[in-house]
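# Architecture at a glance
One-letter residues, chain by chain:
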Amino acid sequence: METTTTDAAPGRAPIIIGAMFRAVGAYPSGWRYPGAHHDPHQDAEVIRATALEAEAAGLDYIFFGDWLATGPDLEFRDPYLAARIEPLSAVGFLAGVTSRIGLIATVNATYSDAYTLARISASVDRLSGGRLGLNIVTGAEPRAAANHGRDAHWGNDHRYDSAEELIDALRLLWDSWGDGALVADQESGVYLDPTKLHPAGFQGTHHPVAGPLNVLRPVQGHVPLVHAGTSARSRRLVHTRADLALLGLTNLTDAAAETDAVRREAAAQGRDPHEVKIITPVLPILGGTLEEAWAIHDFLVSLVPVSPGPHDGREGFPGTRSLAVLEGLIGFPLAAFDLDAEVSPEDAGAFSRGGHRLLQLVEQRSGRVPGTHRPVRWRDLLVNHLVPYNVVVGTPALVADYLQSWHEAGGVDGFNILTPYLGDQFERFTRGVIPELQARGLFRRSYSGATLRSHLGLTVPENVHEQKREQPAAVANPISAGTPV
């Protein structure tokens, strides 16, 4: 069983840190920032350079999300989704470019074939030396159905029935080759031990598969699985099957309660709660000084297209990006206001409770307060409402403070780092924040293991088929053992 040692502070688990790759930036206007990567024609080189930079900093993994459709609306809503490299292709490319960093690819269970995905993932895991991870999603994009020859996108329960089956089928297929199944004895001429080559025999509704798989067992045994738990049904998948739980957490109080709940539910399923690592996204905007970081943030805000009226007129422009929507959020009439006009203290005092929360968010991100030398503009309120991530603006030391406080008080194991734009912002994180965390004993100074499981502090699971041989009686919790439900 693989183990890991680190040089983090004694008695303190090191922070898990991964880079969530978005080629044209995670901030809606990031691609417009001077010097930012903005042209997907150069994505291959940018993927390579980003992965090598992340690996040089010792990050645990680079993470590739996905979206199975495109359209003009994505230009405004999420430009990074409009044109992108397919995730399994990206990690396959990086398997030969990098040597230590984990490689996590997103796959949509609704449109995946179990045998094909097991074959590709086991192959990439072996070719990368055990560095692959899979982020399992079910998707909510209605256009994806037509792109896959279907009349409609499945409902939530249907999608999660399929996702749970897919995972169970994958694990049975990954375990096709037991220890000693491949003999390859040249002298005796025996190549296989057929008693150790296991069929999957999975009789599912969505992913029935015979097996065995024609690829050796992954280096990691089972490729680590990631899932973002939002709905009650998706949380069930996290509790029963995920190795990394990707949770969108907004404040420390809720974070501590939610991470504790995930671990309790995992334990109730018969799992070791420490084998479920909890990760949350963070978007840092970094400057050499706080004022420089604020200036970068302000410029990004100014580049986000918003409209003073209910419609912008451009195809696909979201109706959420108008002062009319802001009016409903803050409970204050806005018909007479210009987007770049200042919010007076008197007007701010008349805001609803939701408006005051939005004012606090703007102050936290930009230091802007009505009636001060850094006043709040109506644009600041609208754009900050539109950016849903945990945005942290400041110096490397201030961002390190934030990550440390969440790791220690919020109960999270680590962070998916979103970069507002690729270029100097990512390097400011890898060359500024990471050394700061290392100096505090919160992040290792070098890789101590060779696989993604070792980076994450996860053990290698036993072969499901051989576990059943050793334990003929039914296990207490078949899900936690990886057997079909």
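These numbers come from a predicted model, not from an experiment. All chains use their own residue numbering, which begins from 1 and follows the written sequence. Given that this is a predicted model, residues contribute local features only at a pLDDT of at least 70 and side-chain atom pairs are listed and counted only at 80 or more, while totals for whole chains, interfaces and linings are drawn from all residues. Values shown for side chains rest on all heavy atoms present in the structure; no hydrogens or waters enter the calculation.

### Details of the nonpolar core
Test applied: The term nonpolar core refers to a set of buried residues drawn from Ala, Val, Leu, Ile, Met, Phe, Trp, Tyr and Cys, joined through side-chain atoms within 4.5 Å. For each residue, the accessible area found with a 1.4 Å probe, counting protein chains only, is set against the maximum for its type, and the residue is called buried under 20%, exposed over 50%, and partly exposed in between. By the criteria applied, helices consist of DSSP H or I runs no shorter than four residues and strands consist of E runs no shorter than two, each listed in order from the N terminus. Throughout, a contact is declared for two residues whenever any of their heavy atoms are within 4.5 Å.
Ranked by internal contacts, the top residues of the largest apolar core, which has 78 residues, are I17, L59, L134, W174, L403 and L437. A total of nine residues in this core trace back to one element, the largest contributor, which is helix 6 (residues 156-174). Those residues in contact with L403, other than ones at most four positions away along the chain, are I15, V282, F415, F429, V433 and L437. Ranked by size, the runner-up nonpolar core spans 52 residues in total, among them I285, L358, V391 and Y421.

### Remarks on the packing of aromatic side chains
Here is the rule: Here a Phe, Tyr or Trp ring, Trp counted by its six-membered ring, pairs with any other such ring whose centre lies within 6.5 Å, and the pair is stacked when the planes are under 30 degrees apart, edge-to-face when over 60, and tilted otherwise. Consider the ring centre and the ring normal. A charge sits over the ring if Lys NZ or Arg CZ is within 6 Å of that centre and within 35 degrees of that normal.
Under the counting rule described, the total for this entry stands at seven aromatic pairs. Between Y33 and F299 the ring centres are 5.5 Å apart and the planes differ by 75 degrees, which places this aromatic pair in the edge-to-face class. Within this pair, whereas Y33 is found in the loop between strand 1 (16-21) and helix 1 (43-56), its partner F299 is found in helix 9 (residues 290-303), the two being separated by 266 residues in sequence. On the basis of an interplanar angle of 45 degrees and a centroid distance of 6.0 Å, the ring pair of F351 and W378 is categorised as tilted. Of the two residues, F351 is situated in the loop between helix 11 (345-349) and helix 12 (353-366) and W378 in helix 13 (residues 378-386); the sequence distance between them amounts to 27 residues. Accessibility classification places F351 together with W378 in one group, the buried group. The structure contains a cluster of three or more aromatic residues connected by ring pairs, namely Y33, F299 and Y421. In this arrangement the basic side chain of R150 is found over the ring face of W154, its NZ or CZ atom lying 4.4 Å from the centre.

### Here we look at unusual backbone geometry
Look at the link from G211 to P212: it is a cis peptide, with omega at -5 degrees. Following the sequence through the fold, P212 ends up in the loop between strand 6 (190-192) and strand 7 (225-227). Not every positive phi belongs to a glycine, and A184 is a case in point at roughly 50 degrees. By secondary structure assignment, the location of A184 is in strand 5 (residues 182-185).

### Re the environment of I167
Take I167: it is sitting in helix 6. Considering only alpha carbons, one finds I167 and L237, 70 residues apart in sequence, at a separation of 9.7 Å. Filtering out sequence-adjacent residues up to four positions away, I167 remains in contact with I136, L225, L237 and R241.

### A short note on the packing of helix 7 (residues 232-241) against helix 8 (residues 252-268)
The condition that has to hold: Orientation is described by lines fitted to C-alpha atoms, with helices fitted over the stretch in contact, and by angles between N-to-C directions that extend from 0 to 180 degrees. For classification purposes, an angle smaller than 35 degrees is called roughly parallel, one larger than 145 roughly antiparallel, one from 65 to 115 roughly perpendicular, and anything else oblique. We call a crossing left-handed when the near helix sits turned anticlockwise from the far one by less than a right angle, and right-handed when that turn is clockwise.
For the pair helix 7 and helix 8, interaxial distance at closest approach is 8 Å and the crossing angle is 60 degrees. Looking at the two axes, helix 7 sits oblique to helix 8. Like other packed secondary-structure pairs, helix 7 and helix 8 cross with a definite hand, here right-handed. Across the interface between the two elements, R235, V238 and H239 of helix 7 pack against E258, V262, E265 and A266 of helix 8.

### A few points about the pattern of salt bridges
Test applied: Each reported salt bridge corresponds to a side-chain nitrogen of Lys or Arg within 4 Å of a carboxyl oxygen of Asp or Glu.
Tallying each qualifying case throughout the model produces 25 salt bridges. Across the pair R233 and D161 runs a salt bridge, and its minimum N-O distance is 2.6 Å. Of this pair, R233 sits in helix 7 while D161 is found in helix 6, placing the two residues 72 residues apart along the sequence. In this structure, E436 and R440 form a salt bridge, with 3.1 Å as the shortest nitrogen-oxygen distance. Assessed through its relative accessible area of 23%, R440 is described here as partly exposed.

### Observations regarding the confidence of the model for the chain
Put simply, the test is: What pLDDT conveys is the predictor's confidence in a given residue, as a value from 0 to 100.
Chain-level pLDDT for the chain is 90 on average; 93% of the residues reach the 70-or-more range. For the stretch residues 1-6, pLDDT sits under 50, and the model shows twelve contacts to residues farther than four places along the chain or on other chains. In this model, residues 473-485 is a region of pLDDT below 50 whose contacts with residues beyond four sequence positions or in other chains number 25 contacts.

### As for helix 8
Each turn of an α-helix holds 3.6 residues, which means side chains three or four residues apart point in the same direction. Defined as follows: To estimate the expected span of a helix, subtract one from its residue number and multiply by 1.5 Å. What qualifies as a polar contact is a pair of N or O atoms within 3.5 Å, subject to a donor-acceptor requirement within protein and to the restriction that residues adjacent in sequence count only when both atoms come from side chains.
Here helix 8 contains 17 residues, and its C-alpha end-to-end distance of 24 Å stays within 8% of the 24 Å for a straight helix at 1.5 Å per residue. If you check the start of helix 8, you find a side-chain oxygen 3.2 Å away from the backbone N of T253, and it comes from N251. Of the residues one or two after helix 8, G270 is the one with positive phi, at around 85 degrees.

### Things to note about a nonpolar patch on the surface
Our working definition: Like-charged residues within 9 Å of one another, or nonpolar side chains (Val, Leu, Ile, Met, Phe, Trp, Tyr) within 5 Å, are grouped into patches, provided each residue has over 30% relative accessible area and no salt bridge. Methods summary: accessible areas were calculated by the Shrake-Rupley approach with a probe of 1.4 Å, and residue burial reflects only the protein chains presented.
On the surface, L182, Y191, L192 and L216 cluster together into a nonpolar patch covering about 350 Å² of accessible area. By secondary structure assignment, the location of L182 is in strand 5. Its relative accessible area of 35% is what places L182 among the partly exposed residues.

### Quick notes on the side chain of D347
Within the element layout of this structure, D347 appears in helix 11. Aside from chain neighbours lying at most four places away, what touches D347 is F332, F337 and W378.

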